[in-house]
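Secondary and tertiary structure notes
Given next are the chains, with one letter for each unit.
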Amino acid sequence: MNSDTETWKAKAAAKRASTLAKIYPQWRLSPGDIARALSRRNLTGPFIQQFLDPKDISIISMDSLPIVDAIEQGSLTSLEVATAFCKAAAIAHQIGNCLHEIFFDEALDRAKKLDEHYKKYGTTVGPLHGLPVSLKDQFHVKGVDTTAGYVGYIGGNLGIKDPSKIHKVESQITAELLSLGAVLYCKTSVPQTLFYTETQNHIIGETLNPHNQNLTCGGSSGGEGALLALRGSALGVGVDLGGSVRIPASYNGVFGIKPTPERFSCRDIATSNTGQTTYPATVGFLSTSIDGIGLMLKSVLSTQPWVRDPAVVPIPFRQEVVDQYLKRVNEDGTIKQGHRPLKLGIFWTDGVVQPHPPVTRSLHMVVDAIKKAGHKVVDWAPPSHEKATKIHLSIIRADGAKSVHKDLKLSGEPLIDALNNRGMQLRPPMDLLKFQDLTSQGREFEAQYSEYWNSTAKDDGQLVDAVIMPVAPHAANISGKLYHIDYTEALNLLNYSVAVIPVTKVDKVRDPFDDSYRPLNKKDEKNWKAYDPEVYHGGPVGVQIVSRKFEEERVWAVAKIIHAALEKAGYSQSNSDGAPDVNVLPRL
């Protein structure tokens, strides 16, 4: 082992130790408890709750809106809520390896100050008063590292070049959350480079799926998804460039939204390739409830982010759009008499990689529920998602991974093994004329997709309101066995507004392997053969609900209606914890 290797490995080990040291002694688990967690399939529910007292469990079992209501009504204090979520996050990290940064001291101090304000004035400081909000480790918080999974940024902040500003900069979204009354308490794990759909890096190792540790938690907002699955958070902030909010939301059985870029501020967030603005990343949100997503959309937009960030389009939250949809239905999602039903497209398959049996079953569940609720369903056959993904991937990789390798060079760490064959090797940057040609192709694809969407009104005069489609051709995947990202990434090229709702979990009895299926191509064959009902059992399955650009209010309202219809039809997620516990791969 050479000295460079010793140095970056030592830095990573020291960072891991310092993070664990920030957990209060009374919240630390025994080596035996941690060993038991390593051999468990499912860490959610009863397993993590054994380390919490009844009051903690009652608080973390609440979703965002009930929490802020309870604080506003005085039945809970901000300190009680913050303490419960900090403790749950501390335990979640010890059993699930999902945090990069812990700042519980600051969180509890802020909660006390919020309680003092409430006691003195009898009012809250904003709509998120006292609500703990977790952050993906791409957002700067004063006094805290932002490594974004790079060893070289331990003790610093990715993207902050002026040494005098280290730990002194906060992302605009961070400032907005604080102004709204949120309590920030932790930052969650991400993959090295941020360009990966699994959460692995040399600092903490790997974050697995709390519902089934045979599977990954997704990425790049994977730590967020895992923390929410363990109820260590009720509301979190992520970033999506190719599926990085939607994949972890689906994989971990929670709700998510990918807004159109420039609806929310990305100012002063950490990223390796800041100059790639043709298809920019977008801030997105994950929540344990659909109403939590709505709360965050409405709250953050109330701060008028476009005033401080000129890249943000000045569109306030449009309650009238939400009302136009919700007034057409009952609370259970069924259509009201005399109102026009929703018209929803169903994208069963992209014709390149066929979804696994549990994913197809989830689509049938959604179709059955929305039909029972009185809504229309039509098949969706748009222009090729494969073509869109190829254009998008080519553009976001156009620098030849130069920025990634520059960040790796700071510590001398190598790429993680999983990225060696995923387009992250250093190579010459793309020629400008080729880049421009790809940009033109992307614009043309957007126009073609829009024309297809407009064509859906030809038969009945009604445009499709939204489209339901898979998030991936599988539930949360086995590590290293994600072969196809087109279901999410094509929508980043289109810059569409997309929500994710949980639907079901893999059931080894109801979702057997189909020996009769004949794969369409080699990639389809690899994906199909990767499915093992025993291994996947208990893995969550969600669906995407897709609307057009800057239609966050519409897609949220439609998602709320579909979720209500699923509950009305009796299709709530099952715990699916019947499979035997299995050993999982050791963490680094």
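Preceding this paragraph is the structure being described.
So, here's what we can say about the structure. (Residues numbered from 1 in each chain as written. Predicted model: local features only at pLDDT ≥ 70, side-chain atom pairs only at ≥ 80, totals over all residues. Heavy atoms only, no water.)

Regarding its fold elements, the chain presents 20 helices and 13 strands. With the C-alpha coordinates aligned to their principal axes, the bounding extent of the chain is approximately 65 × 60 × 55 Å. Expressed as a percentage of the 588 residues in the chain, the buried residues total 60%. Across the chain, every contact between residues at least 6 apart in sequence was considered, and the portion connecting residues at least 24 apart equals 80%. Accessible surface, the chain: about 22000 Å² in total, of which carbon and sulfur atoms supply 53%. Of the side chains in the chain, 65 bear a positive and 64 a negative charge, and the two mean positions are spaced by 1 Å. (Helix = DSSP H or I, 4+ residues; strand = E, 2+ residues; numbered from the N terminus. Buried < 20%, exposed > 50% of the residue type's maximum accessible area, 1.4 Å probe, protein only. Contact = heavy atoms within 4.5 Å. Areas by Shrake-Rupley, 256 points an atom, 1.4 Å probe, with all protein chains shown as cover. Lys, Arg positive; Asp, Glu negative; His and termini not counted. Charge placed at Lys NZ, Arg CZ, Asp CG, Glu CD.)

Put simply, helix H13 (residues 357-372) and helix H20 (residues 552-568) touch, their axes get as near as 8 Å, and they point 90° apart. The angle between H13 and H20 places the two elements in the roughly perpendicular class. On H20, the residues that touch Met365, Val366, Ala369 and Ile370 of H13 are Ile562, Ala565 and Leu566. A breakdown of the residues in the contact of H13 with H20 according to their chemical character gives 7 nonpolar, no polar and no charged. (Axes fitted to C-alpha atoms, helices over the stretch in contact; angles between N-to-C directions. Parallel < 35°, antiparallel > 145°, perpendicular 65-115°, else oblique. Nonpolar A, V, L, I, M, F, W, Y, C, P; charged D, E, K, R; others polar.)

Let us now look at unusual backbone geometry. Across the junction of Gly219 and Ser220, the peptide omega takes the value 5°, indicating a cis bond. Summarising the element assignment, Ser220 is placed in the loop between strand S5 (205-206) and helix H9 (222-229). A positive phi angle, close to 70°, is found at Leu194, a residue other than glycine. Turning to its location among the elements, Leu194 is positioned in the loop between strand S3 (183-188) and strand S4 (200-201).

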